[in-house]
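Given next are the chains, with one letter for each unit.
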Amino acid sequence: MIKCFDKEWKKITLISYTMWAFYALAAITLAPDIVYILFEVDTNPAVWAGLQIAVCFAGVLGRLILQPQKNRWRRRAIIAVLITIAGLLSLPALAKTNLETKFGADNCAFNTAAFSLISKWEGKRNTSYRDIVGVWTICYGHTRTAGAHQYKTDEQCRVLLIEEIDEYRHGIRGYFTSQTKAARLPALRDAAYTSLAFNVGIVRAGKSTATGRLNSGNIIGGCNALTWWNRAGGRVVRGLVRRRVAERQYCLQGTRAA
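Per chain, residues are indexed from 1 in the order of the written sequence. Only residues with pLDDT of at least 70 get local features here, since the model is predicted, and only at 80 or more are side-chain atom pairs given and counted; chain-wide, interface and lining totals rely on the full set of residues. Side-chain measures here rest on the full set of heavy atoms in the structure, leaving out hydrogens and waters.

With that out of the way, let us pick up the state of the cysteines. When the sulfur atoms of two cysteines come within 2.5 Å, that pair is taken as a disulfide. Scanning the model with the defined rule gives 2 disulfides in all. Bridging Cys-139 to Cys-157, the disulfide has an S-S length of 2.0 Å. Given an S-S torsion of about -70°, the disulfide between Cys-139 and Cys-157 has left-handed geometry. On the criterion of sequence distance, the pair formed by Cys-139 in strand β2 (residues 136–139) and Cys-157 in helix α7 (residues 154–173) is long-range, its members being 18 residues apart. With its sulfur 2.0 Å from that of its partner, Cys-223 forms a disulfide with Cys-251. Here the disulfide of Cys-223 and Cys-251 is left-handed, its torsion about the S-S bond being about -70°. With Cys-223 in helix α12 (residues 219–225) and Cys-251 in helix α13 (residues 238–252), this residue pair connects regions lying 28 residues apart in the sequence. Only DSSP runs of H or I covering at least 4 residues are called helices, and only runs of E covering at least 2 are called strands; the numbering of each starts at the N terminus.

Okay, here's the thing in structure tokens:
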């Protein structure tokens, strides 16, 4: 019978640096899915990819260097310490999940501001329910994929709202001039107009005086016009008044009227 395995294969599987690199690579590959299954949290795939590349290089290096019995525990202790340090340094980057990995770091300031502004007024329910007209709803007023007996975690609701915010932002930007998009939309003002569109609809917000004034270069006038959208059913609604005031404050940041 032809022998296919090294006669010391058991020893190799336990002490070979290259084998342990393979084990680490398998663990890193499975880790994102395991984290999501256990905690329903998406982690940064770029960091996992970086760790995989680092382990591959370590595996190649481990195959080339000698592994004498002398001082083997000292070498293993050093390697263990280095792995622990690498893991600890990776944790902050792994925590930068949906906002930066899904939408990009450039949009992070906008997403943070828009989420803070809009979520405050939309309210959140983690379990699906029927709204006043019988439509299934969940999280921050989400209806598109909502159905009976659904439950979403706070993180899932957060991601769902950010996805919708991104859609409304893209929609309202279709009504802005190139000059407005280039020079008149810092993150907070962008969030204020997106919040208006989220609340009253993209077309109504896009054709509003607030948008027209901003496009003409009248930034303060545009921000003030946001407060005009304070009625529902023909009457002034206190909650809408407060929401419009908050949007105006966001909008005016960086102007002399702030």
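In summary, the pairing rule links any two rings of Phe, Tyr or Trp, Trp by its six-membered ring, whose centres are within 6.5 Å, and it sorts them by plane angle into stacked for under 30 degrees, edge-to-face for over 60 and tilted for everything else. By the definition in use, this model includes 3 aromatic pairs. Here the aromatic rings of Tyr-168 and Phe-198 are separated by 4.9 Å at their centres, their planes lie at 50°, and the arrangement is tilted. Here Tyr-168 is found in helix α7, whereas its partner Phe-198 is found in helix α9 (residues 187–200), with 30 residues between them in sequence. Judged by relative accessible area, Phe-198 falls into the buried class, the value being 12%. For the cation-ring pair, Arg-125 lies above Tyr-129, with the distance from its terminal atom to the ring centre recorded as 3.8 Å. For a ring to carry a charge above it, either NZ of a lysine or CZ of an arginine must fall within 6 Å of the ring centroid while also lying within 35 degrees of the normal to the ring plane. Lying over the aromatic face of Phe-110, Arg-169 brings its terminal NZ or CZ to 3.9 Å of the ring centre. Here's how the labels work: a residue is buried when its accessible area is under 20% of the maximum for its type, exposed when over 50%, partly exposed in between, all with a 1.4 Å probe on protein chains only.

A few words on unusual backbone geometry. The phi dihedral of Cys-139 is positive, around 60°, even though this residue is not glycine. Taking the relative accessible area as the measure of exposure, Cys-139 reaches 2% and is therefore buried. Within the chain, His-149 stands out as a residue other than glycine whose phi angle is a positive 60°. Along the chain, the position of His-149 falls in the loop between β2 and α7. Accessibility expressed as a relative area gives 80% for His-149, which makes it exposed.

Let us now look at α13. An α-helix turns once every 3.6 residues. As a result, residues three or four positions apart point the same way. Multiplying one less than the number of residues by 1.5 Å gives the expected span of a helix. A rise of 1.5 Å per residue sets the reference length of α13, with its 15 residues, at 21 Å; its end C-alpha atoms lie 21 Å apart and thus fit the reference within 8%. In this structure, the buried side of α13 is in contact with α6 (108–122), α9, α12 and β3 (231–232). The positive-phi residue at the C-terminal boundary of α13 is Gly-254, with phi of around 95°. Contacts are residue-level and defined by heavy atoms, with any inter-residue pair within 4.5 Å sufficient.

Looking now at α9. The end-to-end C-alpha separation of α9 is 20 Å, in line with the 20 Å expected for 14 residues at 1.5 Å each. Of all the 14 residues making up α9, 11 are buried; the element is thus mostly covered by neighbouring parts of the structure. Residues of α9 that are buried: Arg-189, Asp-190, Ala-191, Ala-192, Tyr-193, Thr-194, Ser-195, Leu-196, Ala-197, Phe-198 and Val-200. Contact partners of the buried residues in α9: α6, α7, α10 (202–206), α11 (209–215), α12 and α13. Positive phi shows up at Gly-201, right after α9, with a value of about 110°.

It is worth spelling out the side chain of Ser-119 at this point. Tracing the sequence through the fold places Ser-119 in helix α6. Every residue in contact with Ser-119, bar those within four places of it in the chain, is listed here: Ala-114, Tyr-140 and Leu-161.

Before going further, it helps to spend a moment on the packing of α6 against α13. Only the contacting stretch of a helix is used when fitting its axis, a line to C-alpha atoms as for every element, and angles between N-to-C directions run 0 to 180 degrees. At a minimum axis separation of 11 Å, α6 and α13 run at an interaxial angle of 170°. In terms of their interaxial angle, α6 and α13 are classed as roughly antiparallel. Counted together, Ala-113, Ser-116, Leu-117, Ile-118, Trp-121 and Glu-122 of α6 and Gly-239, Arg-242, Arg-243, Ala-246, Glu-247 and Tyr-250 of α13 form the full contact between these two elements. Think of it as three bins: nonpolar holds Ala, Val, Leu, Ile, Met, Phe, Trp, Tyr, Cys and Pro, charged holds Asp, Glu, Lys and Arg, and polar takes everything else, Gly as well. Its residues assigned to classes, the contact of α6 with α13 shows 6 nonpolar, 2 polar and 4 charged. When an angle is under 35 degrees it counts as roughly parallel; over 145 it counts as roughly antiparallel; between 65 and 115 it counts as roughly perpendicular; any other value is oblique.

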